[in-house]
Amino acid sequence: MSDAAVQLKPAGEAEREMTDGFHLIIDALKLNEINTIYGVPGIPITDFGRMAQAAGIRVVSFRHEQNAGNAAAIAGFLTKKPGICLTVSAPGFLNGLTALANATTNCFPMILISGSSEREIVDLQQGDYEEMDQLAIAKPLCKAAFRVLHAADIGIGVARAIRAAVSGRPGGVYLDLPAKLFGQVIDAEAGAKSLVKVIDPAPAQIPGPAAVKRALDVLKSAKRPLIILGKGAAYAQADDDIRALVEKTGIPFLPMSMAKGLLPDTHPQCAGAARSTVLKDSDVVMMIGARLNWLLSHGKGKSWGEPHSKKFIQIDIEPKEMDSNVEIVAPVVGDIGSCVQALLSGIDSKWPAAPADWVNAVKAKKDENIAKMAPRLMKNTAPMDFHGALGALRTVIKERPDTILVNEGANTLDLARGVIDIYKPRRRLDVGTWGVMGIGMGFAIAAAIETGTPVLAVEGDSAFGFSGMEVETICRYGLPVCVVIFNNNGIYRGTDSNAAGGSDPATTVFVKGSRYDKMMEAFGGVGANVTTPDELKRAVDAALDSGKPTLINAVIDPAAGSESGRIGNLNPQSVLRKK
Ligand SMILES: Cc1ncc(C[n+]2csc(CCOP(=O)(O)OP(=O)(O)O)c2C)c(N)n1
Ligand SMILES: [Mg+2]
């Protein structure tokens, strides 16, 4: 029986306890150990948020649904439970939808719960308050979408949403809850019985023994093997087994951005600093929870050393992922934990050591690249360039390896990924598969809430702007988040001019010399303006020591960046002569 069941006493009837949609949704979430909701209040979900808070669910209120959605998405990634985002109808729903689509693309489990308007009026298009057929719009952008019309179906609806989000390849799920549902009253006992506790929401998917043997045979035959770890491997939380697999085989590994730290970037087998060499020269590549999408140049072309061909082994929970871009000679389909365990059980003391000439060649290239970069990281000049500033932050993370690093921007992202070593699993959260701007504050807030760990968000000044208003949320909840803005006065660089002359600024530049630190001060947080790497390090250390919400405006040379960071080659070029 729900604590909050109401007692209605109709004349002449025996006393019956009743419950309603509000309470059943809360009970269904709590029954499934969902303890946090990220959202923005309004009609028809304001009271639901209040009641959920009163019932002991942590309800974190944001300033914009997209940021709440991003928070829910990364909560899902960090916990393997679906992160919940709660929004109002039509515009609030649409604001949350970008985050839901992004979560689906990144395979993060998340449920977007939106209130919606009256079905009868919406479907006849009679112009209801915030009228929109939200279910139809959500469907193509997420993994599954459901609507609950009857209070008695809330248990099943929530259960289906949870299972759809976390089972198989995780992703975003939309749950549509019309306004009328919240107030629907049903018998409390029947209501309690209708709730569903999802048993084994993400069942293990065991790979076939033949697939495992095939993969091991291919791997054993390699002369220049490489392991690529993707964020699917980080999500799996099979950290010890993944480390054992890498170490027992002795094969060089390349972590994708959010897989950094599964094994420390300073691990002797880490080939992060020799990325182009290992992609080009390897002969067998085993991908663990990594996809051959644009981030890996689709597994073909010059960066993969074509015309020479290579053999790919792929471990993924989604069978359709196999052969998505190139032939996979050894597909291993199953959940990462089970697959890695199965591979490990086939690797005994007779397993051949990784070929020494290859291991040494990778190490030599890596040492050379690290040595080349070292002096750039020690430059203590004002204004700072990216490397100088990142050198300081690299030391911060080395000294505080538990810190969660959130990172977005163009140069600020691409260079930080290469410079800042990560030492522990799931300590680097970033723009993911789409390279989307705007994840920063949502990710930082949820990371702090879900883990209780200090968060360092390293943000391009443009990137920050997409979610910047949430610094108020950070202050309101008193979260241990330190935001560092790499302020180069614009997108990529702050030096562009308007080719037409005139008084409008160029499209990529912002107000020069802005003081983003004042934004944090406006809400009672700590602000700092820094111009050298030494000052930057001191300010970040102070923030992480104090745990106080802090924003550091780091002044970066506006001429230091390059167009689109490291992916300028993706820009289409006009064939006409540049004006
Ligand atoms: C939602 C979204 N809108 C636009 C873009 C295009 N975009 C890519 S990076 C970027 C901002 C880069 O500037 P900044 O964050 O200041 O980084 P910098 O290179 O200056 O360090 C933009 C707008 C995007 N990736 N995502
Ligand atoms: Mg910038």
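Residue numbers run consecutively from 1 along every chain, following the written order of its sequence. Here every chain gets a letter starting at A, and every ligand a number starting at 1, in the order they are written. For this predicted model, a pLDDT threshold of at least 70 governs which residues receive local features, and a threshold of 80 or more governs which side-chain atom pairs are given and counted, while totals over whole chains, interfaces and linings are taken from all residues. Note: side-chain values were computed over all heavy atoms of the structure, leaving out hydrogens and water.

1. Focus on the overall build of the chain
Here comes step 1: Helix and strand definitions follow DSSP, with helices as H or I runs of at least four residues and strands as E runs of at least two, each counted in order from the N terminus. A tally of regular secondary structure across the chain gives 22 helices and 20 strands.
Here comes step 2: The C-alpha radius of gyration of the chain comes to 26 Å, within 12% of the 25 Å expected for a compact globule of 579 residues.
Here comes step 3: With the C-alpha coordinates aligned to their principal axes, the bounding extent of the chain is approximately 90 × 65 × 55 Å.
Here comes step 4: Residues classed as buried in the chain amount to 56% of the 579 residues present.
Here comes step 5: Should any heavy atoms of two residues lie within 4.5 Å, those residues are considered in contact. Once local pairs closer than 6 in sequence are excluded, the contacts in the chain between residues at least 24 apart make up 76%.
Here comes step 6: Roughly 24200 Å² of accessible area belongs to the chain as shown, and the carbon and sulfur atoms make up 54% of that amount.
Here comes step 7: Charge assignment in this entry is limited to Lys and Arg as positive and Asp and Glu as negative, and neither His nor the chain termini are counted. Charge positions come from single atoms, namely NZ of Lys, CZ of Arg, CG of Asp or CD of Glu. Of the side chains in the chain, 62 bear a positive and 62 a negative charge, and the two mean positions are spaced by 8 Å. The globule rule is 2.2 Å times the number of residues to the power 0.38, and the radius of gyration it is compared with is taken over C-alpha atoms. Type-normalised accessible area, obtained with a 1.4 Å probe on protein chains alone, sets the label of each residue: buried when under 20%, exposed when over 50%, and partly exposed for intermediate values. Accessibility throughout is a Shrake-Rupley quantity obtained with a 1.4 Å probe, and a residue counts as covered only by protein chains that appear here.

2. Some remarks on the sheet that holds strand β18 (residues 481-487)
Here comes step 1: When DSSP locates at least two bridges between a pair of strands, those strands are taken to pair. Strand order in the open sheet formed by six strands is β16-β15-β17-β18-β20-β19, with parallel pairing between adjacent strands. The open sheet terminates on both sides in strands that have one partner only, identified here as β16 (428-430) and β19 (526-530). Direction aside, the axes of adjacent strands within the sheet are offset by 15 degrees on average.
Here comes step 2: Pairing geometry for strand β15 (residues 404-408) and strand β17 (residues 455-460), over five bridges, is parallel. Its bridge partner lying in β17, Asn 407 is registered against Val 458. To obtain an axis, a line is fitted to C-alpha atoms, over the contacting stretch when the element is a helix, and the angle between two such axes runs from 0 to 180 degrees between their N-to-C directions.

3. Digging into the coordination of the magnesium ion (ligand 2)
Reference geometry at the metal: tetrahedral coordination by four donors gives ideal angles of 109.5 degrees; octahedral coordination by six donors gives 90 or 180 degrees.
Here comes step 1: With water excluded from the atoms, a metal site may look incomplete; its donors are any N, O or S atoms within 2.8 Å, or within 3.2 Å for Na, K and Ca. Coordination of the magnesium ion (ligand 2) by the protein involves Asp 461 (OD), Asn 488 (OD1) and Gly 490 (O), with metal-donor separations of 2.0 to 2.1 Å.
Here comes step 2: Within one chain, the residues serving as donors to the magnesium ion (ligand 2) are arranged as D-x26-N-x1-G. You can see Asp 461 sitting in helix α19 (residues 461-465) and its partner Asn 488 sitting in the loop between β18 and α21 (517-522), a full 27 residues away along the chain.
Here comes step 3: Overall, Asp 461 belongs to the buried group, its relative accessible area being 3%.

4. Examining helix α22 (residues 533-546)
Owing to its 3.6 residues per turn, the α-helix brings residues three or four apart onto one side.
Here comes step 1: Multiplying one less than the number of residues by 1.5 Å gives the expected span of a helix. Along its 14 residues, α22 runs 20 Å from first to last C-alpha, staying within 8% of the 20 Å computed at 1.5 Å per residue.
Here comes step 2: Every buried residue of α22 is accounted for by Pro 533, Leu 536, Lys 537, Ala 539, Val 540, Asp 541, Ala 543 and Leu 544.
Here comes step 3: Contacts from the buried residues of α22 go to α16 (386-399), β17, β18, β19 and β20 (550-555).
Here comes step 4: Remark: Gly 547 follows α22 within two positions and exhibits a positive phi of approximately 70 degrees.

5. Notes on the side chain of Asn 67
Here comes step 1: Positionally, Asn 67 belongs in helix α3 (residues 65-79).
Here comes step 2: Residue class for Asn 67 comes out buried when judged on its relative accessible area of 3%.
Here comes step 3: Excluding residues that lie within four positions of it along the chain, Asn 67 makes contacts with Phe 62, Gly 438, Gly 442, Phe 466, Ser 467 and Glu 470.

6. A closer look at the sheet that holds strand β4 (residues 58-61)
Here comes step 1: Taken in spatial order, the six strands of this open sheet run β4-β3-β5-β6-β8-β7, and their pairing is parallel. In this open sheet, the two strands that pair with only one neighbour each are β4 and β7 (144-147). Put simply, the sheet's adjacent strands are angled 20 degrees from each other on average, direction ignored.
Here comes step 2: Where strand β3 (residues 36-39) lies against strand β5 (residues 83-87), three bridges are found, and the strand directions are parallel. Paired with Gly 39 across the strands is Leu 86, a residue of β5.
Here comes step 3: Across the sheet, helix α7 (residues 154-166) touches β6 (110-116), β7 and β8 (172-178), and the angle it forms with β8 is around 165 degrees.

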